[in-house]
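# Residue-level structure breakdown
For reference, the chains in residue letters:
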Amino acid sequence: ALAWCPFHSSLLASGGGTADRCIKFWNTHTGACLNSIDTGSQVCSLVWNSHEREILSSHGFSQNQLCLWKYPSMTKIAELTGHTS
């Protein structure tokens with residue numbers, strides 16, 4: 001999963017698979033990893049909020065949930081569960 005930040009043109013978010021489970025933030029000018037957070041499950045997609053400094057992640061195995069995160073603190077604001085696949 002990849003998502004370009006709408007408020008910082010050189011910031012890219014990436015999401016890892018079942019083994020990695022991390023959301024990572026990259027400075028595309030320098031190639032540096034700015035932050036990494038273990039979400040506990042596979043990251044399937046990432047979408048930035050264009051009005052707030054937030055990012056939404058969707059997850060597959062093993063939690064199957066949606067999570068809304070505050071950026072840059074990566075504090076989890078909300079978690080939606082309920083789907084099974």
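Residues numbered from 1 in each chain as written. Predicted model: local features only at pLDDT ≥ 70, side-chain atom pairs only at ≥ 80, totals over all residues. Heavy atoms only, no water.

Under the counting rule described, the total for this entry stands at 5 aromatic pairs. Between the aromatic rings of F7 and Y71, the centroid separation amounts to 6.2 Å while the plane-to-plane angle is 50 degrees, which identifies the pairing as tilted. With a gap of 64 residues between them, F7 in the loop between β1 (2-4) and β2 (11-15) and Y71 in the loop between β7 (66-70) and β8 (75-80) connect regions that are remote in the sequence. A relative accessible area of 14% means that Y71 is categorised as buried. Chaining the aromatic ring pairs together yields one cluster made of F7, F25, W48 and Y71. (Phe/Tyr/Trp six-rings, centres within 6.5 Å; stacked < 30°, edge-to-face > 60°. Helix = DSSP H or I, 4+ residues; strand = E, 2+ residues; numbered from the N terminus. Buried < 20%, exposed > 50% of the residue type's maximum accessible area, 1.4 Å probe, protein only.)

It is worth spelling out the sheet that holds β1 at this point. Sheets are built from strands paired through backbone hydrogen bonds, the pairs being either parallel or antiparallel. Taken together, 4 strands build an open sheet; the order of strands is β1-β2-β3-β4 and the sheet is antiparallel. In the strand order of this sheet, the two ends are held by β1 and β4 (33-38), each with one partner. This sheet shows a mean twist of 15 degrees between the axes of neighbouring strands, independent of strand direction. With 3 bridges connecting them, β1 and β2 associate as antiparallel partners. Within β2, the residue paired with W4 across the bridge is L12. (Pairing = 2+ DSSP bridges. Axes fitted to C-alpha atoms, helices over the stretch in contact; angles between N-to-C directions.)

This next bit is on the nonpolar core. Within the largest apolar cluster, 15 residues are counted, with the highest numbers of intra-cluster contacts made by I23, F25, L46, W48, I55, W69 and M74. Among the secondary structure elements, those contributing two or more residues to this core are β2, β3 (22-27), β5 (43-48) and β7. (Core = buried A, V, L, I, M, F, W, Y, C linked by side-chain atoms within 4.5 Å.)

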